[in-house]
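# Chains, contacts and geometry: an overview
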Amino acid sequence: MGDKMTKIAGKGKNENFLEKYLNKLENPTDSYFVPDYPKENHEEIKTLFILESPHVDEIEGRKPLQGSAGKNVSDFFGLTKPFGEEKEFLIKHKIGIVNVSNIPLQLIDKKSDKHQVTAIELNSLRTSKNTNSTLYAFFQKKMKKYKKVDTFIICGAFAEKYFDKYILDEKKLSIIKKHYQGKIKILKVPHPSYGHYIK
């Protein structure tokens, strides 16, 4: 199956364009890279939202949780602007927002031509029961910055898959222990793009 996808994306060339695309995770200046919030002072964050990846509105605004998804979260909290733009609220409540992937995992405009990766490959990454090693390593590296989080809000099945792998790492079993001791909350909720928050 993987070889078939490579041929579709690479027009027969023996190259893995999906992995090449994921290498852009290390390039914050790429036009499709949307930084997490905050960009610094991660040790101050107490509540951390974890989502899948940016989409059209996030790319345009260069912030996470924009558009309808961000508005759904803001509606839940009684806010007016998309959640990623409510900087004063985020700072006051020490909230951070992390995407497992800082680049889109769905096709955006002509991104497939630009990055030589297809909808089939991106969808295989999103629907696979297993985590992608390149993406997981990037996610794991980011998560280590958040040392004082006491509430994790995991949005959607994709984010849950990567977060579960992260906390099952032998060095992070303390998170599970603290969760059962009531010291850390782990809330697993639908992705806000589905609009279930108010319900």
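You'll find the structure just up there.
Quick look at the structure, then. All chains use their own residue numbering, which begins from 1 and follows the written sequence. This being a predicted model, a pLDDT of at least 70 is required before a residue's local features are given, and a value of 80 or more before pairs of side-chain atoms are given or counted; all residues contribute to the totals for chains, interfaces and linings. Based on all heavy atoms of the structure, the side-chain values leave hydrogens and waters out of the count.

### Notes on the overall build of the protein
Looking only at helices and strands, the protein features 10 helices and four strands. Along the protein, from the amino end to the carboxyl end, the secondary structure elements read α-α-β-α-α-α-β-α-α-α-β-α-α-β. Exposure is judged per residue with a 1.4 Å probe applied to protein chains only, and the accessible area is read against the type maximum: over 50% gives exposed, under 20% gives buried, and values in between give partly exposed. Burial statistics for the protein: of 199 residues in total, 47% are counted as buried. Note on contacts: a residue pair qualifies if any of its non-hydrogen atoms lie within 4.5 Å across the two residues. A separation of at least 24 residues holds for 72% of the contacts in the protein among residues at least 6 apart in sequence. In the form shown here, the protein has an accessible surface area of approximately 11200 Å², with 50% of it arising from carbon and sulfur atoms. Strands are runs of DSSP state E lasting at least two residues, helices are runs of H or I lasting at least four, and both sets are numbered from the N terminus onward. Exposure was quantified through the Shrake-Rupley algorithm and a 1.4 Å probe, taking into account, for residues, occlusion by the shown protein chains and nothing else.

### Here we look at the pairing of strand E1 (residues 47–51)
On a regular strand, one side chain projects to one face of the sheet and the next to the other, so that they alternate. Burial of E1 is extensive: five of the five residues sit out of reach of the surface. Of the two faces of E1, both are covered, the one formed by Thr47, Phe49 and Leu51 as well as the one formed by Leu48 and Ile50. Paired strands, as defined in this entry, are two strands with at least two bridges between them according to DSSP. Where E1 and strand E2 (residues 95–99) come together, five bridges link them in parallel fashion. Paired with Thr47 across the two strands is Ile95, which belongs to E2. Two strands pair when backbone bridges link them, and E1 and strand E3 (residues 151–155) are joined in this way by four bridges, in the parallel orientation. When the bridges of E3 are listed, Ile50 appears paired with Ile154.

### Re the environment of Lys46
In this structure, Lys46 sits in the loop between helix H2 (17–22) and E1. For Lys46, a relative accessible area of 31% gives the class partly exposed. For the pair formed by Lys46 and Phe152, sequence separation is 106 residues and the distance between their alpha carbons is 8.6 Å.

### A few points about the nonpolar core
By size, the foremost hydrophobic cluster in this structure holds 33 residues, and its most contacted members are Leu48, Ile50, Phe139 and Phe152. Those elements giving two or more residues to this core turn out to be H2, E1, helix H7 (119–127), helix H8 (133–143), E3 and helix H9 (157–168). Per-element accounting of this core gives the leading share, six residues, to H9. Those residues in contact with Phe152 that sit more than four places away from it in its chain are Leu48, Ile50, Met143, Phe163, Ile175, Ile184, Lys185, Ile186 and Leu187. Residues belong to a common nonpolar core when they are buried Ala, Val, Leu, Ile, Met, Phe, Trp, Tyr or Cys residues joined through side-chain atoms within 4.5 Å. Ranked by size, the runner-up nonpolar core spans 14 residues in total, among them Tyr37, Leu51, Ala69 and Cys155.

### Topic: the pairing of E3
Counting buried residues along E3, five of its five residues qualify, which places the element largely inside the surrounding structure. Burial of the side chains of E3 extends over both faces: Thr151, Ile153 and Cys155 are buried on one face and Phe152 and Ile154 on the other. Here five bridges tie E3 to strand E4 (residues 185–189), and the two strands are oriented parallel to one another. Each bridged residue has a counterpart across the sheet, and for Cys155 the counterpart in E4 is Val189.

### Considering the side chain of Thr151
Its place among the elements puts Thr151 in strand E3. Judged by its relative accessible area of 13%, Thr151 falls in the buried class. Distance and chemistry together define a polar contact, namely a pair of N or O atoms within 3.5 Å, with one atom able to donate a hydrogen and the other to accept it when in protein, and with adjacent residues in sequence counting only for side-chain atoms on both sides. At 3.2 Å, the side chain of Thr151 and the side chain of Asp150 are in polar contact. For Thr151, the residues in contact, after removing those within four places along its chain, are Lys46, Thr47, Leu48, Lys185 and Leu187.

### Concerning the sheet that holds E1
Hydrogen bonds between backbone groups are what pair the strands of a sheet, and the pairing can be parallel or antiparallel. Spatial ordering of the open sheet is given by E2-E1-E3-E4, a layout of four strands whose pairing is parallel. Edge positions in the sheet fall to E2 and E4, since each of these pairs with one other strand and no more. The mean angle between the axes of side-by-side strands here comes to 15 degrees, regardless of whether they run parallel or antiparallel. To obtain an axis, a line is fitted to C-alpha atoms, over the contacting stretch when the element is a helix, and the angle between two such axes runs from 0 to 180 degrees between their N-to-C directions. This element, H9, spans E1, E3 and E4 of the sheet and lies at about 140 degrees to E3.

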